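The chain contents come next:
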Amino acid sequence: MSCSPFDLRDYYFKDLAENERRLTEVHVKTCAHCREELDRLRGTEAALLALREEEIPQRIGFVSDPVFQPSAFRRGWDALWGSAARLGFASAAMLSVALVVFSLTRPVPQGAAPAPAITRAAMQAEMQADFSNRMNDAVAKAVAASEARQARQTQDLLAASDRRHALETQAMMVRVQEYLEVEKKHLNTLILASNNAGSAGGDVR
Amino acid sequence: MIFRAVEDADLIRKARRGDVEAYNLLISRWERRVYNYLLRIVANREDALDLSQDVFLKAYQNLRKLDDPARFAPWLYRIAHNEAYSLFRKRRPEGETEELQPETMEGAATVGGNAVFPVELTLAVSGALRKLTADQRETVILKIYQGFKFEEIAEIVAAPVSTVKSRLYTALDLLKTELAPIKARGVS
């Protein structure tokens, strides 16, 4: 039974941590029993190494035969994994694809209205609706401008008509007044003539 | 060592792009170690060679599955481990792989035999290794002969590090006992 602080065989096969190895080394220097144990291990290993390796009776080698060669796909695949740049590019491409797939297949949150699926028909309908809205807005603006222009013209015409009517009324009033003046003068003349005729008849009697 | 690891990683990258010659160069660096690992597990040269070829073919076909090229060695040995145990299961379909003992290594007496490592010791070591369980033997091979770290062995055999350590230390105690008479006679 070894008295070493750690397994002497682990020490012999260099399978101890550095501090453990140092402690065992210090112990072995002062322990004859452990030194003998180590000597026995060395002797056994030396005896085992008496059995030398043999030369291989026939060299092994392969010829360049397509049967043993990896396929073109396999070589490309291996080349991809052997290149950091290609691998990085492939990773970025895969990440992009994954993001697109995720965005298209993302589950709808509870309580939220289902997001409309983006399809070609939907996009065309949306574009047509947008176009119609713009067209309607443009037509509405044009109509409003035309109506405003017509209203302005009507107002101008009404104003002009009112002014003409006022002038005509004023002119008619002037003519009526002139007529009245004439008639008044004519009446005065008649009255004066009548008075002159009455005074002439009294004198005759 | 670090420079070598970087070079292996470069060869692996080229092989992944279909460069067979780069892979053949990688094989040339590892075939002997893998062959000897399998040889010591299955204890049969023919099986070890067949399995080695299968291991390198499977490794090439699955090279793109290797996440970290710096971990090529444990990954390659994991394939070798699976191939070896697959062979064990084929030969022992009733599932006795845990207790399976390898066949007697033909010609083991001459393995590496030379003046420095006498035949008697080589025979004794081969015999002692055969007395271990398959798991213990594999752990000894991976640690002593192949020099893997405990974490790497755990990855290869698909077991916790604590289990790997337990297997190795038990095996070393058994081997120490088995080899003691030889060492006592001074053959080392």
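These remarks concern the structure in this document.

### Details of the overall build of chain A
A count of helices and strands for chain A gives six helices and zero strands. Considering only contacts in chain A between residues 6 or more positions apart, those separated by 24 or more positions represent 35%. Surface summary for chain A: the accessible area is close to 16500 Å², and the carbon and sulfur share equals 61%.

### Here we look at the side chain of B:R137
All names here are of chain B. Locating R137 in the fold gives a position in helix α6 (residues 134-145). One buried charged side chain, R137, makes no salt bridge at all; its nearest oppositely charged neighbour is D135, positioned 8.5 Å away. There is a polar contact of 3.0 Å between the side chain of R137 and the backbone oxygen of L132.

### As for helix α7 (residues 150-157) of chain B
Residue and element names in this part refer to chain B. Counting buried residues in α7 gives six out of eight residues, a clear majority hidden from the surface. Along α7, the residues that are buried comprise F150, E152, I153, A154, I156 and V157. A158, located one to two residues past α7, shows a positive phi value of around 55 degrees.

### Focus on the interface of chain A and chain B
Many descriptions give the size of an interface as the accessible area lost when the pieces come together. Each partner contributes residues to the interface: chain A has 35 residues there, and chain B has 48 residues. Summed over both sides, the interface of chain A with chain B buries roughly 4000 Å², with 62% coming from carbon and sulfur. Broken down residue by residue, the surface that chain A buries against chain B is led by A:L51, A:E54 and A:F62, which jointly contribute 20%. On the surface where chain A and chain B come into contact, there are eight salt bridges. Note that B:R45 and A:E54 form a salt bridge whose closest N and O atoms lie 2.8 Å from each other. For the interface between chain A and chain B, the tally reads 14 residue pairs in polar contact (both at pLDDT 80 or more). Top element by residues in the side of chain A that touches chain B is helix α3 (residues 32-48) of chain A. It accounts for eight residues.

### Digging into the packing of aromatic side chains
Where two aromatic rings form a pair, the distance of their centres and the angle of their planes describe that pair. For the structure on display, the rule yields 12 aromatic pairs over all chains. When the ring of B:Y37 is compared with that of B:Y77, the centres are 5.0 Å apart and the planes differ by 55 degrees; the resulting orientation is tilted. Taken as a pair, B:Y37 in helix α2 (residues 20-42) and B:Y77 in helix α4 (residues 72-91) lie far apart in primary sequence, 40 residues in all. Of the residues examined, B:Y37 reaches a relative accessible area of 0% and is grouped as buried. Here the aromatic rings of B:F150 and B:Y169 are separated by 6.3 Å at their centres, their planes lie at 80 degrees, and the arrangement is edge-to-face. Here the residue B:F150 occupies a position in helix α7, and B:Y169 occupies one in helix α8 (residues 161-184), the gap between them amounting to 19 residues. For the pair B:F150 and B:Y169, one class covers both residues: buried. An aromatic cluster of at least three residues, connected via ring pairs, comprises A:Y12, A:F13, B:F150 and B:Y169. Here B:K143 stacks its cationic end above the ring of B:F150, 4.2 Å away from the centre of that ring. Here the basic side chain of B:K165 rests over the ring of B:F150, its NZ or CZ set 5.4 Å away from the ring centre.

Calculation criteria
- Residues numbered from 1 in each chain as written.
- Chains lettered and ligands numbered in written order.
- Predicted model: local features only at pLDDT ≥ 70, side-chain atom pairs only at ≥ 80, totals over all residues.
- Heavy atoms only, no water.
- Helix = DSSP H or I, 4+ residues; strand = E, 2+ residues; numbered from the N terminus.
- Contact = heavy atoms within 4.5 Å.
- Areas by Shrake-Rupley, 256 points an atom, 1.4 Å probe, with all protein chains shown as cover.
- Buried < 20%, exposed > 50% of the residue type's maximum accessible area, 1.4 Å probe, protein only.
- Lys, Arg positive; Asp, Glu negative; His and termini not counted.
- Salt bridge = Lys/Arg side-chain N within 4 Å of Asp/Glu carboxyl O.
- Polar contact = N/O pair within 3.5 Å; in protein donor to acceptor, adjacent residues only side chain to side chain.
- Buried area = accessible area lost by both parts, 1.4 Å probe.
- Phe/Tyr/Trp six-rings, centres within 6.5 Å; stacked < 30°, edge-to-face > 60°.
- Lys NZ or Arg CZ within 6 Å of the ring centre and 35° of its normal.

Take it as geometry only, folks, not as evidence of what the structure does.
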